[in-house]
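Examining the three-dimensional arrangement
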Amino acid sequence: MDEEDSIHYLMVEPTTEVVEVELRLSMGPTMQGKTFEIVQIDQIHEIVSPTVESLLQPLGFEVQGPLSWLRSVNAPIRQLFRLEQRKGGALAPSWALSLDFVPHLSGNEIKWHRTSKSARPDLTFDVRDRAFDISYSYGLDVIATSAPNILRAAIPKAESFWNEARSIADLPGAFERVKQHLSTGGLGFYNYIQHPLAYAFVLAMNGKPDTAEEEFQRYSQRLSEAARKKLRKLFIDAGGHLG
């Protein structure tokens, strides 16, 4: 089947998998003939919002901020969908879980992200596929042309990920799946600074204190003694070892 026939077939069978192939065929290897023109984040948000919100609002999502959408109905597990800036002037979709029972550190100060406004990724799924990149270096038209198909392919993948992490008992499996996915090259699981801390709390809450301790040690070794003691107390409260 040549490319022309493939495109015709894609139009007949509009499944998620087909949309993925269609966007691959429609993307050239370069932006030849395009004028370099950086698009601002607020402009990008305005362009992509109708597509994103048509897909996410029926699932209970709301806008959290520029290029970020959030669902809080399943708190203490909240779902995030974001378009993240990448090197080379591209945005890529990512999806994440924000966990109310996991703290984060700002410097050596322990903080929480337990509200719709403060929610932030504790577990991030990076799609790792250049076919999902949206260039913002060549003007508004490139985004308006490429983004809808990319988003229509990405959001069902995100929904599948979220559906497999509905309860605290589901979370260890979700962390393991992300760890495996991120082992294929590029930034690994532990390059995401929040991953080991969140995984430690998830394991502790699921009655796995030994493996939780391994993750806690991996994260806390970089902290000051004072911060480590404060974090240890919270970790114990979640079911972790005394230390």
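About the thresholds
- Residues numbered from 1 in each chain as written.
- Predicted model: local features only at pLDDT ≥ 70, side-chain atom pairs only at ≥ 80, totals over all residues.
- Heavy atoms only, no water.
- Helix = DSSP H or I, 4+ residues; strand = E, 2+ residues; numbered from the N terminus.
- Buried < 20%, exposed > 50% of the residue type's maximum accessible area, 1.4 Å probe, protein only.
- Contact = heavy atoms within 4.5 Å.
- Areas by Shrake-Rupley, 256 points an atom, 1.4 Å probe, with all protein chains shown as cover.
- Phe/Tyr/Trp six-rings, centres within 6.5 Å; stacked < 30°, edge-to-face > 60°.
- Lys NZ or Arg CZ within 6 Å of the ring centre and 35° of its normal.
- pLDDT = per-residue confidence, 0-100.
- Axes fitted to C-alpha atoms, helices over the stretch in contact; angles between N-to-C directions.
- Parallel < 35°, antiparallel > 145°, perpendicular 65-115°, else oblique.
- Left-handed = near helix turned anticlockwise from the far one by under 90°.
- Nonpolar A, V, L, I, M, F, W, Y, C, P; charged D, E, K, R; others polar.
- 1 Å grid on protein atoms, 1.4 Å probe; cavity = no way out; pocket = protein on both sides within 12 Å on 5 of 7 lines; lining within 4 Å.
- Points joined across faces, edges and corners; volume = space filled by probe spheres on them.
- Polar contact = N/O pair within 3.5 Å; in protein donor to acceptor, adjacent residues only side chain to side chain.
- Pairing = 2+ DSSP bridges.

1. Quick word on the overall build of the protein chain
Counting secondary structure elements, the protein chain contains eight helices and eight strands. Relative to its 243 residues, the protein chain shows a buried fraction of 44%. The contacts in the protein chain between residues at least 6 apart in sequence include a share of 59% that link residues at least 24 apart. Summing over all exposed atoms, the protein chain offers an accessible surface of approximately 12,500 Å²; the carbon and sulfur share of this is 51%.

2. Some details on the packing of aromatic side chains
Taken as a whole and judged by the stated rule, the model has twelve aromatic pairs. Between Phe36 and Tyr138, the ring centres sit 6.1 Å apart and the planes meet at 90°, which makes this aromatic pair edge-to-face. One end of the pair, Phe36, is in the loop between helix H2 (16-26) and helix H3 (41-56); the other, Tyr138, is in the loop between strand E8 (134-135) and helix H4 (140-163), and 102 residues separate them in sequence. Taking the relative accessible area as the measure of exposure, Phe36 reaches 57% and is therefore exposed. Note that Arg218 overlies the ring of Tyr190, its terminal NZ or CZ placed 3.8 Å from the centroid.

3. Section: the confidence of the model for the protein chain
With 86% of its residues at a pLDDT of at least 70, the protein chain reaches an overall mean of 88. Every residue in residues 1-29 is under pLDDT 50, and counting partners more than four places away or in other chains gives 28 contacts.

4. Observations regarding the packing of helix H6 (residues 195-205) against helix H7 (residues 209-220)
Direction vectors running N to C along H6 and H7 enclose 160°, while the axes themselves pass 8 Å from each other. Of the possible angle classes, the one that applies to H6 and H7 is roughly antiparallel. In this structure, H6 crosses over H7, and the sense of that crossing is left-handed. Contacts between H6 and H7 involve Pro196, Leu197, Tyr199, Ala200, Leu203 and Ala204 on the former and, on the latter, Thr211, Ala212, Glu215, Phe216, Arg218 and Tyr219. Broken down by class, the residue content of the contact of H6 with H7 amounts to nine nonpolar, one polar and two charged.

5. Describing the layout of surface pockets
In this model, the second largest pocket occupies a volume close to 210 Å³. Surrounding the second largest pocket, Arg86, Lys87, Ala92, Asp126, Val127, Arg128, Asp129, Arg130 and Asp133 form its lining. Per-class residue counts for the lining of the second largest pocket are two nonpolar, no polar and seven charged.

6. With respect to the environment of Ser116
Here Ser116 is to be found in the loop between strand E6 (109-111) and strand E7 (123-126). A residue is classified by how much of its surface remains accessible, and Ser116, at 28% relative accessible area, is partly exposed. Placed 41 residues apart in sequence, Ser116 and Ala75 show a C-alpha to C-alpha distance of 9.6 Å. For Ser116, the residues in contact, after removing those within four places along its chain, are Glu62, Gln64, Leu70, Ser72 and Arg78. A distance of 3.1 Å separates polar atoms of two side chains, one belonging to Ser116 and the other to Ser72.

7. Considerations on the pairing of E7
Here E7 shows two buried faces, one formed by Leu123 and Phe125 and the other by Thr124 and Asp126. Two strands pair when backbone bridges link them, and strand E4 (residues 90-99) and E7 are joined in this way by four bridges, in the antiparallel orientation. Bridge pairing links Ala96 to Thr124 in E7.

8. A word on the side chain of Arg232
With respect to the helices and strands, Arg232 occurs in helix H8 (residues 225-237). A distance of 3.1 Å separates the side chain of Arg232 from the backbone oxygen of His241, its partner in a polar contact. Sequence-distant contacts of Arg232, defined by excluding residues within four places in its chain, comprise Glu213, Phe216, Gln217, His241, Leu242 and Gly243.

9. Brief notes about the packing of helix H5 (residues 171-181) against H6
Where H5 meets H6, the axes come as close as 9 Å, and the angle between the chain directions of the two elements is 150°. By the angle class used here, H5 and H6 are roughly antiparallel. The interaxial crossing formed by H5 with H6 has left-handed handedness. Across from Leu171, Pro172, Phe175, Glu176, Val178 and Lys179 in H5, the residues of H6 making contact are His195, Ala198, Tyr199, Val202 and Leu203. Taken together, the residues of the contact of H5 with H6 break down into eight nonpolar, one polar and two charged.

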